[in-house]
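Residues per chain, in single letters:
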Amino acid sequence: MDRLTPQPQGRNVIALTEKPMRLLDTTVEKIDSPQLVHFQTDSAYRRTDAVSQSELKEILKSPAHHQLRYGPNAQPSWPSANMITGTAIHHKTLEPGTFQRNFVCKSDVPPEPIIADLKKIANDSNIDIKGLTKKSDIMSAIYPDGLPKETRTTISDADWLVVNGCADALRVHDHTGPWFDPSLPSYRKFNEVSLYDRDQMGMARKCRIDRLHIDIDEGVIKIIDIKSTDDARPHSFARKCAELGYHLQAWWYSDMVRRVMNHGALQNMSIEFYFAVVERKSPHAINVFKASDELLSAGAVLADRGLHALAQCRELEWWPGYEPVIHSLKLPSWYGISDDPLDDVAF
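Residues numbered from 1 in each chain as written. Predicted model: local features only at pLDDT ≥ 70, side-chain atom pairs only at ≥ 80, totals over all residues. Heavy atoms only, no water.

Draft legend 1. Inspection of the pairing of strand β8 (residues 220-229) at higher detail. Across the 10 residues of β8, 9 count as buried, placing the element largely inside the fold. Where strand β7 (residues 204-215) meets β8, 5 bridges bridge the pair, whose relative direction is antiparallel. Looking at the pairing, leucine 212 lines up with isoleucine 223 of β8. In this antiparallel pair of consecutive strands, β7 and β8, the connection spans 4 residues, and glycine 219 shows a positive phi of 65 degrees. In this structure, β8 lies alongside strand β9 (residues 270-279), joined through 10 bridges in parallel fashion. Its bridge partner lying in β9, lysine 222 is registered against glutamate 272. (Buried < 20%, exposed > 50% of the residue type's maximum accessible area, 1.4 Å probe, protein only. Helix = DSSP H or I, 4+ residues; strand = E, 2+ residues; numbered from the N terminus. Pairing = 2+ DSSP bridges.)

This is the structure we're talking about:
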């Protein structure tokens, strides 16, 4: 295990010995014991053959939904604008050192050069373009392999402000600021951490945690997950949590940390899960939510149901859709009709 060194300035937050950062673009080929992998790329994590909480959410919709996304003939999915913005917020907050290499503001992307620009480039590079008058011919002479393409993710000017605003807000908030302080020793090493294990059913599991914050003084391993949203008020986020299965995620991550950390110096520390929720719109207000025992228990029930459904479908090689029944449609429990006729009047 890496050597543990306490953080200076009186705060005993574990910081593993810092090493030069080098991202690992390799999958974990053999999962037969608990593993924690630092600096693994997101693509390598996704390529590693193991079950994630996202996969369970799909099979809980139906086995057919699972196959559409994770089966041998899975269809590619494209991120929405909010998903791209959310990914950029994560990168800016958790991997600030490489953010500029991966994302660029649209207004900073240079336009395609005009003929005058191309002639100057040719002259500066001693490229002979005599007799060439068409732009396409000049470009072919200068760029025989094609015009260099922008490989970074381009973000609109408006979303660029959102990304930076959210990251800045997370760094100055009373609760999230100490978690997302880049000056912490080994700050990057404990962000985007990949965990792997094999359960009692023989199924390989995995998860990728935004941040592990290990506090020796409190005796707590804190799992921090960043969520960007339109409304971070408790009642709104609770509904989103139920709709998107965040309780399953909270239990899955907590269980994986318990499995991996159940060894050595950290095995007796308690584990807590937190959502750091930031609003995309200014002033980028933040609420922090600690997963309750009730929420984690509900997540455990869903995870168990999903794991058994996945194991059964794999065994039977059968991936059905929804059950062929006719449902009685009812209004949700939160809907109510007031006896006051003025409640239905729009002012």
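Alright, that's what it looks like, and here's the rest.
Draft legend 2. Quick peek at the pairing of strand β10 (residues 286-290). Relative to β10, β9 runs antiparallel, the two sharing 5 bridges. Looking at β10, one finds that phenylalanine 275 is bridged to phenylalanine 289. Between β9 and β10, which pair antiparallel one after the other, the connecting turn spans 6 residues, and histidine 284 there sits at a positive phi close to 55 degrees.

Draft legend 3. Fine view of the sheet that holds β8. Pairing within the open sheet is mixed, and its 6 strands lie in the order β3-β6-β7-β8-β9-β10. Because the sheet does not close on itself, it has two edges, and the strands there are β3 (35-37) and β10. This sheet shows a mean twist of 35 degrees between the axes of neighbouring strands, independent of strand direction. Alignment of β3 against strand β6 (residues 191-198), held across 3 bridges, turns out to be antiparallel. By the bridge assignment, leucine 36 is partnered in β6 with leucine 195. (Axes fitted to C-alpha atoms, helices over the stretch in contact; angles between N-to-C directions.)

Draft legend 4. Region of the structure containing unusual backbone geometry. Of the consecutive residues serine 282 and proline 283, the connecting peptide bond is found in the cis state with omega at 15 degrees. Relative to the elements of secondary structure, proline 283 occurs in the loop between β9 and β10. Despite not being glycine, glutamate 317 shows a phi value in the positive range, around 55 degrees. With respect to the helices and strands, the residue glutamate 317 is situated in the segment after α11 (293-316). Overall, glutamate 317 belongs to the exposed group, its relative accessible area being 69%.

Draft legend 5. Molecular detail of the nonpolar core. Residues Leu195, Ile209, Leu212, Ile221, Trp252, Val257 and Phe275 are the most contacted members of the largest nonpolar core, which totals 39 residues. Broken down by secondary-structure element, the contributors of at least two residues to this core are α2 (53-61), β6, β7, β8, α9 (234-244), α10 (246-261), β9 and α11. Discounting residues that sit within four places of it in the chain, valine 257 has contacts with Leu195, Ile209, Leu212, Ile221, Ile223, Asn262 and Ile271. Of all hydrophobic cores here, the second largest spans 23 residues; its members include Trp160, Leu184, Ala276 and Ile286. (Core = buried A, V, L, I, M, F, W, Y, C linked by side-chain atoms within 4.5 Å. Contact = heavy atoms within 4.5 Å.)

Draft legend 6. Representation of α9 in the model. Here α9 has its buried residues at Ser236, Phe237 and Cys241. Buried residues along α9 cover an arc of 140 degrees about the axis, so they all sit on one side. In α9, those exposed residues whose orientation departs by more than 90 degrees from the buried face are His235, Ala242 and Glu243. Contact partners of the buried residues in α9: β8, α10, β9, β10 and α11. The positive-phi residue at the C-terminal boundary of α9 is glycine 245, with phi of around 70 degrees. (Arc of directions from axis to C-beta.)

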